[in-house]
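Chain by chain, the residues:
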Amino acid sequence: MTSVPFLKRVLKTFVQKELSCMGSVLPHPQDPSYYPSSHVIQNHVHQALLAGKYSGFDQLQLEKKIDEWKLTDSGAQFFFRQCTENYRQTEIHVEVNAQRSGFPVTEDSDFEEIHTPETTTSQETFLFIHQNIQQQHLLKRYGDMVLLDATYRTTKYALPLFLVVVRTNVGYKPVAEFICENETTTAIAEALTILKQWNLHWEPKYFMLDYSQQEFQALDHTFPNAQKYLCSFHREQAWIRWTRQAKNKLSLSEQSELLGHLREIASAPSESSCDREVDRLKESNVYKKSFEVRHYVDTRWLCIRERWCRAFVPQGFSVAVTTNNGVEALNKSLKSFYLKFSGTGSLTSLLETMICDFIPEQLLSYRRLNFIYSSECKAYNPDVPMFLRDRPRSFVKHCLNSIQAASIYTKEHVEVLGKESFKVKSETTSAWYRVELGDSERHSDKTWGDLSPVYCRSPYITLDFSVALTNPPITENSTQEDFSSDFCVSPFPYQSKQTHNSEPQSTGVGADQQRLREELKQLHDVSYMCTDKEAIQNASCVVHELCKTLKDSLPKDHGLVLQQQETVKPNLRALPSRCKKAKQKTSCGVEVSVEETRKASTLIHSDNLVNHGENLPRLTQDMASEVRHILKQDDPNMVISTAFKLCIRQSDLATLEEGSWLNDMVINFYLSLIMKRSNEQQEGIKVYCLSTFFYPKLLSSDGHFAGHAAVKKWTKTVDLFLCDLVLVPLHLGLHWALAVIDFKSQTIQCYDSMGQRHDDICHILLKYLMEENKIKKACCFEASRWTIGRMRTNAIPKQTNGNDCGVFICKYADFLSQGKPLTFRQGLHARYLS
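Keep in mind it's a predicted model, so treat the numbers as computed, not measured.

### Observations concerning the overall build of the protein chain
Right, so step 1: Along its length, the protein chain carries 25 helices and 23 strands.
Right, so step 2: Sorting the 834 residues of the protein chain into buried and exposed places 43% on the buried side.
Right, so step 3: For the protein chain, the share of sequence-separated contacts (at least 6 apart) that also reach a separation of at least 24 residues comes to 65%.
Right, so step 4: Accessible surface computed for the protein chain: about 46000 Å², of which carbon and sulfur atoms make up 53%.

### As for the packing of helix α8 (residues 252–267) against helix α9 (residues 271–283)
Axis angle and axis distance: for two packed helices, these are the angle between their axes and the distance between the axes, and together they describe the pair.
Right, so step 1: For the pair α8 and α9, interaxial distance at closest approach is 8 Å and the crossing angle is 165 degrees. One finds that α8 runs roughly antiparallel with respect to α9. Crossing of α8 against α9: the hand is left-handed. Residues L258, H261, L262, E264 and I265 of α8 form the contact with α9, whose participating residues are C274, E277, V278, R280 and L281.
Right, so step 2: Here the contact of α8 with α9 is built from residues that sort into six nonpolar, one polar and three charged.

### Topic: the layout of surface pockets
Right, so step 1: Volume-wise, the second largest pocket comes out at about 1300 Å³.
Right, so step 2: Lining the second largest pocket are 33 residues, with S540, V543, T800, N801 and G802 sitting closest to its centre.
Right, so step 3: For the lining of the second largest pocket, the secondary-structure elements that each account for two or more residues are α17 (509–529) and α18 (533–552).
Right, so step 4: In terms of residues, the lining of the second largest pocket owes the most to one element, α18, which gives 13 residues.
Right, so step 5: For the lining of the second largest pocket, the class distribution of residues is 17 nonpolar, 13 polar and three charged.

### What about the sheet that holds strand β23 (residues 787–788)?
Right, so step 1: Ordered by their spatial adjacency, five strands build an open sheet running β19-β20-β21-β22-β23, and the pairing between neighbours is mixed. Among the strands making up the open sheet, the edge pair consists of β19 (687–689) and β23.
Right, so step 2: Where strand β21 (residues 736–742) meets strand β22 (residues 747–751), five bridges bridge the pair, whose relative direction is antiparallel. In the sheet register, L738 faces β22, and the bridge partner there is Y751.
Right, so step 3: The strands touched by helix α22 (residues 664–680) are β19, β20 (725–731) and β21; relative to β19, the strand with the most contacts, the crossing angle is about 160 degrees.
Right, so step 4: On the sheet, helix α25 (residues 805–817) packs against β19, β20, β21 and β22 and is oriented at approximately 20 degrees with respect to β21.

### Describing helix α13 (residues 347–372)
Right, so step 1: Taking 1.5 Å of rise per residue, 26 residues should cover 38 Å, and α13 covers 36 Å from first to last C-alpha, within 8% of that figure.
Right, so step 2: The sharpest bend along α13 comes to roughly 40 degrees, located at M354.

### A few points about the pairing of strand β9 (residues 227–230)
Right, so step 1: Sheet topology note: the strand β8 (residues 206–209)/β9 ladder contains four bridges and is parallel. Bridge assignment links M208 to a residue of β9, and that residue is Y229.
Right, so step 2: Where the polypeptide runs from β8 across helix α6 (residues 213–222) and back to β9, its parallel neighbour, the crossover connection is right-handed.

### Describing a nonpolar patch on the surface
Right, so step 1: Together, L516, L520, L523 and L550 line one region of the surface with nonpolar side chains, adding up to about 330 Å² of accessible area.
Right, so step 2: With three residues, α17 is the largest single contributor of residues to the nonpolar patch.
Right, so step 3: With respect to the secondary-structure elements, L516 resides in helix α17.

Analysis parameters
Residues numbered from 1 in each chain as written. Predicted model: local features only at pLDDT ≥ 70, side-chain atom pairs only at ≥ 80, totals over all residues. Heavy atoms only, no water. Helix = DSSP H or I, 4+ residues; strand = E, 2+ residues; numbered from the N terminus. Buried < 20%, exposed > 50% of the residue type's maximum accessible area, 1.4 Å probe, protein only. Contact = heavy atoms within 4.5 Å. Areas by Shrake-Rupley, 256 points an atom, 1.4 Å probe, with all protein chains shown as cover. Axes fitted to C-alpha atoms, helices over the stretch in contact; angles between N-to-C directions. Parallel < 35°, antiparallel > 145°, perpendicular 65-115°, else oblique. Left-handed = near helix turned anticlockwise from the far one by under 90°. Nonpolar A, V, L, I, M, F, W, Y, C, P; charged D, E, K, R; others polar. 1 Å grid on protein atoms, 1.4 Å probe; cavity = no way out; pocket = protein on both sides within 12 Å on 5 of 7 lines; lining within 4 Å. Points joined across faces, edges and corners; volume = space filled by probe spheres on them. Pairing = 2+ DSSP bridges. Expected span 1.5 Å × (residues − 1). Bend = angle between axes of the 7 residues up to and from the residue. Right-handed = clockwise from strand over helix to strand, strands pointing away. Patch = residues over 30% accessible without salt bridge, like charges linked within 9 Å, V, L, I, M, F, W, Y side chains within 5 Å. Salt bridge = Lys/Arg side-chain N within 4 Å of Asp/Glu carboxyl O.

Limitation: the analysis is restricted to geometry and does not speak to function.
Structure representation (structure tokens):
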């Protein structure tokens, strides 16, 4: 621990709370023996750091530390090479062959020639590799699918830290880590070759990585038979960034069109359908008229379709991994939590944190969860089938939900094709799916035991009892996800043997946290059923105060990190330093730092508290004065504005006051303004907004689809299929949400500021579109091409109170209608934005 402010707060808390419990007289606040100054604490931290140092030079210090770690963990593997000025023959020559490179060779490629090695001689470059026995075990068990990603800014040096990660039955875990001096093909390939020598059994089938030539070439050299796939998240981000660049000169509609075609190619289920989608792209206007689009699509993406298209994913690719986000989550945890208070910027500090804290805690979590999810820890509910016991919790929940959903199926939904071959009708569309099970002829005889052992014994759906803790420690950090479940009914009695104290465990902080979460869950559910406005407002005030109290009790993390001055030996080459003050030129030619530019931008936009990167409209003083004057009027029926066959009165405007809820009149008026703005823009997104009364009319008394006839007059004079977006406001009892029908990407999603998905509403709207198309269009409506409710709920801004759901759906509509990302957030001026 090196943070001086944090240590000072800890000492102060200890003196005031711990010493007072002993009955002693508290010392005076100015007594330096009990309340040392920051300078004194910093000196102690400095002395503690020097006491653990073998050398003042970082690389020599690390070499001594590795010898120490080898003694404490004799089974761990280490490889360490210092960087020097000596030149050596390169041991690994990587041939860059354009025929199987997996990347287009362009003018910005890192390789000078196509068929020449990357280099023949090099300096003695820095390299560190580490792997312990438990990591080797995980690599052997889950090593068919491996994720590789690099992260920077972990030390004061410009060195990439690579994590080799696998997806286990309980999440993503690191199975090896290495640091090389440069992110080059030769350096990465050398590290991977050493890892391969340490794990002779390791024959991976698949790799997931970013769009990196160096990583791909290194993997192709070391594991030529493994298939390498691009991370879908980074692929999508790359498309969006490129289409929004001003130099590419694409309008909003052209951006949406190009993204829609690329997404269709990526999601095509077969190679033939993928080829058809490619042909559709090449026949589109945006492809034909833009040379930049043709060059970007052809030379960067279509030439490597087998690396990012679903059609080229082989049979047996059963691991549900499409992105490298699991690795990035580990990197974020390492930097924002483990290195936040203990990191000094040195290599020794980083690797000591990783080897002594980060990696052991990740492996301990794996062992602990594999025990907690077993019947040895808790007895299963009798309703849980035997074949689902002693399996990971996520798999059990998925199967139980699927069993419940399958209860609506009858014999008419399943058609027997032959031995272990069936056709099953989709739950929501008219599509049929083929299911292959085994070699029996009758569907009624199928059980879990009839499935292939390759599936039943898959490491991803079975627990790892070979390393599972038989008695995991229950700490204050244990979460409800760890220790409570709908299908576990009672804890195993081993807990009573852990302590001689008869006091129940519920007195601990961890149990209090669990009880608090359960009560908050009940509060969340009751909030949807309560219709008393005054009670809701009072409860909201109480919850706000509780949130403030909990936030004030959290420890602050604004600590100061000591920087150790290192001396460099003449015979060792200094590691490359990270550039902290990169320069960029302004339009006047003056060089300023990136940090200065960021600060200037912050000052310019500091008055805007509700947005990241967008300028939202704000009320002027005259406008605000007029609003206050109207709200003071005693006549709630006074007409304020009339348009779109709607009439805004004083009582409607009053719903914009802080703590009030927007009514349907305000929302319909606002959406009409958005639709008017869309119609006035010739090249913008064409938007049509339905009324807040549309969706209730679409439902029957029991909440199901009532049929197209109930709303056929609503679109009598408009063709929805000529629009880009159709916005449907939803009034869900005491809550507002927004359904969005996107004809470009063929998706229907619900934007809910409380985080609900509402897939059932999306399915009802899809049925309505099918009926609307049947009446107004002669062509067939391909419902199977539409995506329903696949948006992650944490991908959109959320409300932080119980009042502003109406404001949020208005801003969702505002941003989406302009093709802008949802970068706003709730702040001090969340009201009066429009």
